[in-house]
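# Topology and contacts: notes
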Amino acid sequence: MSFTSSRGSATNRGTGQFLNFVTTNPPFPPRPTPTPGKLYVSGDNSSGQLGLGNTASTNTLIQVGTGNTWLTGSNPRVNGSSLHMIKSDGTLWGAGDNSFYQLGFGNTTNVTSFTQVGSATNWIWCAMAGINEGAFAITTNGDLYSWGYNYNATLGQSALGRTLLATWQSTYRANITIPTYVTSNVIKVVTINSSTAILKNDGTIWTCGLNGTGELGYNVTENNDYTYPSFAQEVTYKNNWIDIMPGKQGFLALNTIGQVYYTGYFYSDAGSPIEIG
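Residues numbered from 1 in each chain as written. Predicted model: local features only at pLDDT ≥ 70, side-chain atom pairs only at ≥ 80, totals over all residues. Heavy atoms only, no water.

A few words on the pairing of strand β16 (residues 195-200). β16 sits mainly inside the fold: 6 of its 6 residues count as buried. Here β16 shows two buried faces, one formed by S195, A197 and L199 and the other by T196, I198 and K200. Across 6 bridges, strand β15 (residues 186-192) lies against β16 in antiparallel orientation. When the sheet's bridge partners are listed, V190 is paired in β16 with A197. (Buried < 20%, exposed > 50% of the residue type's maximum accessible area, 1.4 Å probe, protein only. Helix = DSSP H or I, 4+ residues; strand = E, 2+ residues; numbered from the N terminus. Pairing = 2+ DSSP bridges.)

Structure (structure tokens):
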């Protein structure tokens with residue numbers, strides 16, 4: 001398999017929260033309608049993340065409560081010792097370890113039973129953030145929220161651009177205690193390690209977090225002296241992005257004409273998107 005560079009010229013577009021690749025309107029497939037049902041869990045429960053009301057691990061599936069309103073297709077996943085789920089009424093629930101506010105309750109108290117996060121009733125998707133103790137969730141109108149551990153700016157809550165760590169203020173990397181708005185028109189979020197990529201419904205991809213091997217697509221890599229959570233620039237690719245996926249240490253993106261691009265560590269480091277094949 002060959003690797004062909006298709007870099008365009010990058011233009012600085014000022015400060016913002018993410019990297020913008022293109023701005024077009026690809027034909028996205030309709031979002032599947034979640035189906036409510038019963039929730040069964042098993043496995044490690046050392047922090048109460050299974051939501052069973054205790055910290056006893058189990059090797060057999062056990063039903064959580066007696067309800068049948070948990071949503072399938074809301075894409076929750078266990079990250080470390082915390083878990084989020086969404087119910088059919090659009091409410092968001094969390095259980096388990098809460099050391100870094102990753103459950104979104106505004107405190108650091110662990111809970112062993114699923115507890116509602118806030119009062120919103122329009123959540124449709126949730127997932128934990130990479131290897132860090134943070135979380136993302138999307139509402140029915142495409143608004144993206146994040147909360148939890150944010151030291152590496154994985155959650156996209158910073159408004160700073162390329163900044164020396166010596167001048168980086170702790171408030172910009174502080175943990176986010178409750179679901180906090182990030183951006184709108186989002187249809188998918190993927191994380192890898194401490195980096196995040198976001199696909200919007202206009203065909204643009206936005207990234208934030210660590211950029212040690214060029215995984216954010218800025219056409220530059222960073223060492224420990226700099227951070228790049230919020231330096232926005234547009235890369236002049238004439239492609240429409242329709243899907244994003246996590247790689248080994250970077251991201252892959254698919255456009256409407258069937259081309260796959262990657263950023264970051266993939267046989268060789270790529271600071272900006274490189275076409276595969």
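What follows continues from the structure just given.
With that out of the way, let us pick up the pattern of salt bridges. Summed over all chains, the structure comprises 1 salt bridge. A salt bridge links D243 to K188; the nearest nitrogen and oxygen atoms lie 2.7 Å apart. With a gap of 55 residues between them, D243 in strand β20 (residues 241-246) and K188 in strand β15 connect regions that are remote in the sequence. By relative accessible area, K188 is classed as partly exposed at 27%. (Salt bridge = Lys/Arg side-chain N within 4 Å of Asp/Glu carboxyl O.)

Under the criterion given, the structure shown has 6 aromatic pairs. An angle of 75° between the planes, with centres 5.0 Å apart, marks the rings of F100 and Y149 as edge-to-face. Here F100, found in the loop between β8 (92-96) and β9 (111-116), pairs with Y149, found in the loop between β12 (144-148) and β13 (163-164); they are 49 residues apart in sequence, far enough to count as distant. Judged by relative accessible area, which is 32%, F100 ranks as partly exposed. By relative accessible area, which is 22% here, Y149 ends up partly exposed. An angle of 75° between the planes, with centres 5.9 Å apart, marks the rings of Y145 and Y181 as edge-to-face. In this pair, Y145 sits in strand β12 while Y181 sits in strand β14 (residues 176-183), placing the two residues 36 residues apart along the sequence. Following the ring pairs from residue to residue traces out a cluster consisting of W70, W93 and F114. For K87, the ring lying beneath its charged end belongs to W70, and the centroid distance is 4.8 Å. Over the ring of W206 we find K200; its NZ or CZ atom is 4.4 Å from the centre of that ring. (Phe/Tyr/Trp six-rings, centres within 6.5 Å; stacked < 30°, edge-to-face > 60°. Lys NZ or Arg CZ within 6 Å of the ring centre and 35° of its normal.)

Turning our attention to the nonpolar core. As a rule of thumb, soluble globular proteins bury nonpolar side chains together. Ranked by internal contacts, the top residues of the largest apolar core, which has 24 residues, are L92, W125, F136, L144 and V189. Taken together, the elements giving at least two residues each to this core come down to β10 (123-128), β11 (134-139), β12, β14 and β15. One finds M85, A95, V111 and F114 within the second-largest nonpolar core, a separate group that totals 12 residues. (Core = buried A, V, L, I, M, F, W, Y, C linked by side-chain atoms within 4.5 Å.)

Let us now look at the confidence of the model for the protein. For the protein, the mean per-residue pLDDT works out to 74, and 66% of the residues sit at or above 70. Per-element confidence in the protein is highest for β9, whose mean pLDDT is 97, and lowest for strand β1 (residues 3-5), whose mean pLDDT is 25. Taken as a whole, residues 1-24 scores under 50 in pLDDT and shows 95 contacts with residues more than four places along the chain or in a different chain. (pLDDT = per-residue confidence, 0-100. Contact = heavy atoms within 4.5 Å.)

Further remarks concern the sheet that holds β8. Across the sheet, which stays open at both edges, the 3 strands sit in the order β7-β8-β9 with antiparallel pairing between neighbours. Bordering the open sheet on either side are β7 (82-86) and β9, each of which pairs with just one other strand. Sheet twist, expressed as the average angle between the axes of neighbouring strands with direction ignored, equals 15°. For β7 and β8, the ladder comprises 5 bridges, and the chain directions are antiparallel. For M85, the partnering residue across the bridge sits in β8 and is W93. (Axes fitted to C-alpha atoms, helices over the stretch in contact; angles between N-to-C directions.)

Another point: the sheet that holds β12. Read from one edge of the open sheet, 4 strands run β10-β11-β12-β14, paired in antiparallel fashion. Looking at which strands have only one partner, the edges of the open sheet turn out to be β10 and β14. Strand-to-strand, the axes of this sheet are offset by a mean angle of 20°, without reference to chain direction. Relative to β12, β11 runs antiparallel, the two sharing 5 bridges. By the bridge assignment, F136 is partnered in β12 with S146.

Despite not being glycine, N185 shows a phi value in the positive range, around 60°. By the element assignment, N185 lies in the loop between β14 and β15. Accessibility expressed as a relative area gives 36% for N185, which makes it partly exposed. For N193, which is not a glycine, the phi torsion comes out positive at approximately 55°. Among the structural elements, N193 can be located in the loop between β15 and β16. Overall, N193 belongs to the partly exposed group, its relative accessible area being 31%.

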